[in-house]
Amino acid sequence: MEDKKQIYAYCHKIYELYQIDFAIERKKETLVHFGVKQKEFYSAFVQEYEIIVYQKDKQGKLLLDLLCIYLEDVFMHRKVQFKHILDGSDDLIFNTESKVLYVISQLVDVDLAYEAFSNVLEKQDYIFKYQKQLIIIKTEQDYSFTRIVEDVCLRELMMKVRVGCSKPFVEKEEVVEAYHQAMKALSVHALFHINQTTHIYDEQNLLYVLAHVPLHKAQGYLDLFPAFKQLSYEDFITIQTVIDCNLNVAQAARKMYVHRNTLLYRIDKIQKELSLDLLNFHDALKLKVLILLNEMTKN
Amino acid sequence: MATLSLKNINKKYPNGFHAVKDFNLEIADNEFIIFVGPSGCGKSTTLRMVAGLEDITSGDFEIDGVRMNDVEPKDRDIAMVFQNYALYPHMSVFDNMAFGLKLRKVPKEQIKKQVEEAAAILDLGPLLNRKPKQLSGGQRQRVAMGRAIVRHPKVFLMDEPLSNLDAKLRVQMRTEISKLHQRLKSTIIYVTHDQTEAMTLGTRIVVMSDGVMQQVDTPQNLYDHPKNLFVASFIGSPQMNLMVAGIEEENGEIVAKFDGNTITLPARHAEACKQQGYVGKRVMFGIRPEDLHDPKFSLKQFHDKISCKVTVYEMVGAEVYLYFEVSNQTMTARVDSKTEARVGDTVDLYVDTNKIHLFDMETEQKIVD
């Protein structure tokens with residue numbers, strides 16, 4: 001009941017912002033319904049909920065993605081318990097070291113993957129199968145295990161997978177939250193077309209905020225920089241790489257396999273076109289937001 | 001081992017970005033194919049489509065005549081070596097190499113045989129009991145390759161496998177990969193941004209830019225006969241000298257004029273310029289640095305020369321690079337190390353006109369081959 005109220009309140013707010021007709025059903029019973037049912041629609045299932053959006057265009061698709069992310073949140077908070085995730089293993093003995101929880105999804109053969117990872121993990125690590133996913137709790141402070149995960153999946157198993165990583169945690173009680181974070185990291189990639197295997201929760205905080213920016217406001221911000229749409233793919237790569245390298249030109253040039261002066265020339269070109277200096281922190285932040293909003297509105 | 005066929009392959013992402021456009025390539029058995037191009041040109045995307053790690057938006061991909069578009073990556077009989085390889089830290093070299101075979105339930109005896117064979121090819125025999133942390137960078141890279149070799153796949157896919165190594169090790173590993181190809185007699189597709197790697201390893205090279213295949217050819221042909229401006233400037237180090245030149249008819253001869261220099265075009269270039277209507281127009285004139293000669297040390301006499309003022313003198317051992325400005329463009333000449341030219345000197349350099357390249361200014365395609 002509490003969920004129903006919570007979902008209604010959220011959906012009402014979303015409807016006011018987007019003005020797109022949609023409905024959420026649970027076991028064929030309409031839970032919420034805004035606007036009028038029409039022929040063209042998108043639909044998706046999140047656990048027992050079905051989301052139906054009555055507008056078949058990019059805004060409708062965006063709304064569908066947003067509602068999916070939201071419902072996954074609700075579902076996980078309500079349904080997922082420690083014993084579900086960890087296969088009933090309440091008796092885990094956690095050491096006091098930092099751990100990261102990995103969720104590996106889209107596995108074509110969960111059993112084979114389970115066997116493979118069981119071989120590469122160490123004594124203090126845990127691995128579980130949960131809803132066609134693998135959950136690994138790895139004792140580590142950073143995300144160094146991501147390389148092993150990608151290597152095992154892409155090279156040994158030859159499976160295209162998506163990997164979500166939680167923030168580092170210590171206590172057993174934090175496992176559910178860690179799972180939630182890893183799942184959230186996974187769900188947000190679709191909205192922003194992040195074409196990579198591993199998604200780390202900690203690195204995507206900005207995305208979660210931007211995911212809730214109404215489309216017309218996102219478009220409005222993009223319109224403040226009309227030249228942005230004219231940037232070439234090379235310009236986008238340049239912006240992305242320089243930001244990924246913490247505005248370090250030498251490092252970015254190495255990563256892009258271009259000469260430092262070539263990179264500086266490209267940065268200068270971007271500045272002339274947009275009046276934003278990629279090497280200035282505040283302007284770089286604006287460019288980062290522009291890129292993400294652009295991806296979101298392209299959806 | 002295997003033949004591969006890529007027909008009209010396209011990759012379009014949901015956000016509309018067209019990463020690979022109409023890619024066509026037939027790869028013969030035992031070929032060492034290199035995909036080369038700047039970052040973001042679509043070379044890794046194409047490789048990942050071959051591996052099955054990326055869906056093909058349209059087109060057909062076949063291995064040995066069998067359509068692979070919908071075949072799971074694990075069933076394609078392909079092995080990959082990545083730039084960011086990871087060895088399993090608590091396993092020995094033997095176990096690292098045997099890992100994939102164990103997962104495939106290969107009998108123990110067979111695993112031992114295959115690992116030892118691969119170890120012998122890679123000179124890893126004495127290191128089989130060591131742990132990864134006890135290995136040098138080059139040895140680790142060889143173990144990563146060994147993990148692919150033990151599987152005896154039809155095709156090897158290598159995505160910038162040497163990018164994480166230092167310069168010296170890269171040269172060493174390059175040689176080893178070349179030997180490996182000769183020993184394994186397998187089909188290899190190798191992605192790199194490094195043209196030296198491309199030129200030294202490949203039997204054929206695919207040059208890509210903006211998702212489009214620019215040219216496919218042997219290393220020598222790519223270097224000698226680039227089809228367009230992009231290939232001309234991308235292949236070769238130092239890169240080809242390129243400048244805008246006016247094509248004119250002078251005393252019955254067709255000449256290229258730039259910055260006070262006049263170069264008489266050889267017969268086939270002159271004929272092509274006449275026939276295709278380039279006389280009176282501007283073209284992109286290209287000449288490789290080694291096709292400019294210091295008259296004092298040139299074994300051949302050439303009719304045409306350009307006059308220039310040396311701005312930088314760079315001694316690289318066996319030869320000297322002279323840098324100078326022509327039409328506000330920096331040009332390079334690769335001349336004999338005994339050259340007397342120094343910074344500030346005005347020198348005449350012979351132009352080997354048989355080696356010039358002319359490109360259309362708009363289409364950027366070569367005017368005459």
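Anything mentioned here points back to the structure above.
Summary of the structure given here. (Residues numbered from 1 in each chain as written. Chains lettered and ligands numbered in written order. Predicted model: local features only at pLDDT ≥ 70, side-chain atom pairs only at ≥ 80, totals over all residues. Heavy atoms only, no water.)

Notes on the overall build of chain B
The condition is simple: The helix and strand labels rest on DSSP assignments: H or I over at least four residues marks a helix, E over at least two residues marks a strand, and numbering proceeds from the N terminus. Each residue gets one of three labels from its accessible area relative to the maximum for its type: buried under 20%, exposed over 50%, partly exposed in between, using a 1.4 Å probe on protein chains only. The criterion used for residue contact is that any of the two residues' heavy atoms lie within 4.5 Å. A 1.4 Å probe and the Shrake-Rupley method give the accessible areas. Residues count as covered only by the protein chains that appear here. Two residue types count as positive, namely Lys and Arg, and two as negative, namely Asp and Glu; His and chain ends fall outside the count. Throughout, a charge is located at the NZ atom of Lys, the CZ atom of Arg, the CG atom of Asp or the CD atom of Glu.
When helices and strands are counted, chain B shows nine helices and 20 strands. Counting only C-alpha atoms and orienting by the principal axes, one finds that chain B spans roughly 80 × 45 × 35 Å. Looking at chain B residue by residue over its 369 residues, the buried ones come to 54%. Contacts in chain B between residues far apart in sequence, at least 24 positions, make up 67% of those at least 6 positions apart. When the accessible surface of chain B is split by element, carbon and sulfur atoms take 47% of a total near 16100 Å². Charge centroids of chain B, computed over 46 positive and 49 negative side chains, lie 9 Å from each other.

Things to note about the nonpolar core
So the rule is basically this: Note on terminology: a nonpolar core comprises buried Ala, Val, Leu, Ile, Met, Phe, Trp, Tyr and Cys residues joined through side-chain atoms within 4.5 Å.
With 63 residues, the main nonpolar core has F22, I24, I51 and F192 of chain A as its most contacted residues. Here F192 of chain A is in contact with L207, L210, A211, L292, E295 and M296 of chain A, once residues within four sequence places are set aside. Counting residues in each nonpolar core, the second largest holds 47 residues, with A119, L128, A198 and I205 of chain B among its members.

Some thoughts on the pattern of salt bridges
How we decide: In what follows, salt bridge is the name for a side-chain nitrogen of Lys or Arg lying within 4 Å of a carboxyl oxygen of Asp or Glu.
The final tally for this structure, using the stated rule, is 35 salt bridges over all chains. A salt bridge links R155 of chain A to E156 of chain A, with the nearest nitrogen and oxygen atoms 2.8 Å apart. The pair R155 of chain A / E156 of chain A is uniform in exposure class, with both members buried. Here R67 of chain B makes a salt bridge to D70 of chain B, at a shortest N to O gap of 3.5 Å. With a relative accessible area of 41%, R67 of chain B lands in the partly exposed category. By relative accessible area, which is 70% here, D70 of chain B ends up exposed. If you follow the salt bridges from partner to partner, you end up with D151, R155 and E156 of chain A together with R147 of chain B in one network.

Here's the deal with the interface of chain B and chain A
Applied cut-off: Two parts placed together each lose some accessible area under a 1.4 Å probe, and the buried area is that loss summed for both. Polar contacts, as counted here, are pairs of nitrogen or oxygen atoms within 3.5 Å of one another; within protein the pair requires one atom able to donate a hydrogen and one able to accept it, and residues that are adjacent in sequence qualify only if both atoms are side-chain atoms. Asp, Glu, Lys and Arg are counted as charged, while Ala, Val, Leu, Ile, Met, Phe, Trp, Tyr, Cys and Pro are counted as nonpolar; the rest, among them Gly, fall into the polar class.
On the side of chain A, 28 residues touch chain B, which itself brings 40 residues to the contact. Taken over both partners, the interface formed by chain B and chain A buries close to 3000 Å², and the fraction arising from carbon and sulfur atoms is 57%. It is N15, K74 and L103 of chain B that lose the most area in chain B upon contact with chain A, and together they represent 19% of the buried surface on that side. Taken together, the links from chain B to chain A amount to four salt bridges. Its salt-bridge partner being R147 of chain B, residue D151 of chain A comes within 2.3 Å of it at the nearest N-O pair. Where chain B packs against chain A, one counts twelve residue pairs in polar contact (both at pLDDT 80 or more). Of all elements in the fold, only α1 (43–51), β6 (78–81), α2 (93–103) and α4 (137–149) of chain B reach the threshold of two or more residues within the side of chain B that touches chain A. Here the side of chain B that touches chain A is composed, by residue class, of 20 nonpolar, ten polar and ten charged.

A few points about the sheet that holds strand β7 (residues 133–139) of chain A
Strands in a sheet are paired, the pairing made by backbone hydrogen bonds, and the direction either parallel or antiparallel. Residues and elements named next belong to chain A. Put simply, the rule is: Whether two strands pair comes down to DSSP finding at least two bridges between them. All axes here are fitted lines through C-alpha atoms, helices being fitted over the stretch that makes contact, and every angle between N-to-C directions spans 0 to 180 degrees.
Spatial strand order, β6-β7-β5-β8-β9: five strands in an open sheet with mixed pairing. Strand pairing shows two members of the sheet lacking a second neighbour, β6 (126–130) and β9 (198–200), which therefore form its edges. Averaged over all pairs of adjacent strands, the angle between strand axes in this sheet comes to 20 degrees, irrespective of strand direction. Alignment of strand β5 (residues 99–105) against strand β8 (residues 162–165), held across four bridges, turns out to be antiparallel. Following the sheet pairing, I104 is matched in β8 by V163. Each of β5, β6 and β7 touches helix α4 (residues 110–120); the most contacted strand, β6, lies at about 175 degrees to it. Strands β5, β7, β8 and β9 of the sheet are contacted by helix α5 (residues 145–156), whose axis makes an angle of about 20 degrees with β5.

A short note on helix α3 (residues 108–121) of chain B
Residues and elements named next belong to chain B. Just so we agree on the cut-off: A helix's residues, less one, multiplied by 1.5 Å, set its expected span. It is the directions from the helix axis to the C-beta atoms whose arc is reported.
Here α3 is 14 residues long and its end C-alpha atoms lie 20 Å apart, about the 20 Å a rise of 1.5 Å per residue gives. If you check which residues of α3 are buried, you get I111, Q114, V115, A118 and A119. Looking straight down α3, one finds that the buried residues subtend no more than 135 degrees of arc, so they occupy a single side. A positive backbone phi angle near 55 degrees is found at D123, which sits one or two residues after α3.

Points about the side chain of S209 of chain B
All names here are of chain B. Tracing the chain through its elements places S209 in strand β9 (residues 204–209). Classification of S209 by relative accessible area gives buried; the value is 9%. Setting aside residues up to four positions removed in sequence, S209 forms contacts with C41, Q214 and F230.

A closer look at the sheet that holds strand β4 (residues 49–53) of chain A
Residue and element names in this part refer to chain A. One open sheet holds the four strands; their spatial order is β2-β1-β4-β3, and the pairing between them is antiparallel. Edge strands, defined here as strands with exactly one partner in the open sheet, are β2 (29–34) and β3 (42–46). Here the average twist between neighbouring strands, direction ignored, is 15 degrees. Sheet topology note: the β3/β4 ladder contains five bridges and is antiparallel. Note on β4: the bridge partner recorded for V46 is Y49.

A closer look at the packing of helix α8 (residues 215–223) of chain A against helix α12 (residues 281–298) of chain A
Residues and elements named next belong to chain A. Keep this limit in mind: When describing relative orientation, an angle under 35 degrees is termed roughly parallel and one over 145 degrees roughly antiparallel, while 65 to 115 degrees is termed roughly perpendicular and anything else oblique. Each crossing is labelled by how the near helix is turned from the far one, with a counterclockwise turn of less than a right angle marking it left-handed and a clockwise turn marking it right-handed.
At a minimum axis separation of 9 Å, α8 and α12 run at an interaxial angle of 130 degrees. Of the possible angle classes, the one that applies to α8 and α12 is oblique. Viewed along their axes, α8 and α12 form a crossing whose handedness is left-handed. Facing L215, A218, Q219, Y221 and L222 of α8, the residues of α12 in contact are K286, V289, L290, L293, N294, M296 and T297. Looking at side-chain class alone, the contact of α8 with α12 contains eight nonpolar, three polar and one charged residues.

As for the packing of aromatic side chains
The following threshold applies: Ring pairs shown here join Phe, Tyr and Trp side chains whose ring centres sit within 6.5 Å, with only the six-membered ring taken for Trp; geometry is labelled stacked below 30 degrees between planes, edge-to-face above 60, and tilted in between. To sit over a ring, a charge needs its Lys NZ or Arg CZ within 6 Å of the ring centre and within 35 degrees of the ring normal.
Enumeration according to the criterion identifies 18 aromatic pairs over all chains in this entry. Both rings, one in F23 of chain B and one in F35 of chain B, keep their centres 5.6 Å apart while their planes meet at 70 degrees; by these two values the pair is edge-to-face. Of this pair, F23 of chain B sits in strand β2 (residues 18–27) while F35 of chain B sits in strand β3 (residues 32–36); the two residues are twelve residues apart in sequence, bridging distant segments of the chain. The exposure classification of F23 of chain B matches that of F35 of chain B, with both residues buried. Each residue in the set Y8, Y15, F22 and F34 of chain A is aromatic and connected to the rest through ring pairs, giving one cluster. Looking at K56 of chain A, its charged tip hangs above the ring of Y42 of chain A, at a distance of 5.9 Å from the centre. Here the basic side chain of K184 of chain A rests over the ring of Y208 of chain A, its NZ or CZ set 5.3 Å away from the ring centre.

Observations concerning a nonpolar patch on the surface
Heads up, the rule is: Patches here: salt-bridge-free residues with over 30% relative accessible area, like charges joined within 9 Å, nonpolar side chains (Val, Leu, Ile, Met, Phe, Trp, Tyr) joined within 5 Å.
On the surface, a cluster of nonpolar side chains totalling about 280 Å² of accessible area is made up of L206, F281 and L285 of chain A. As for its position among the elements, L206 of chain A is in helix α7 (residues 205–210).

Shape is all these values report; function is a separate question.
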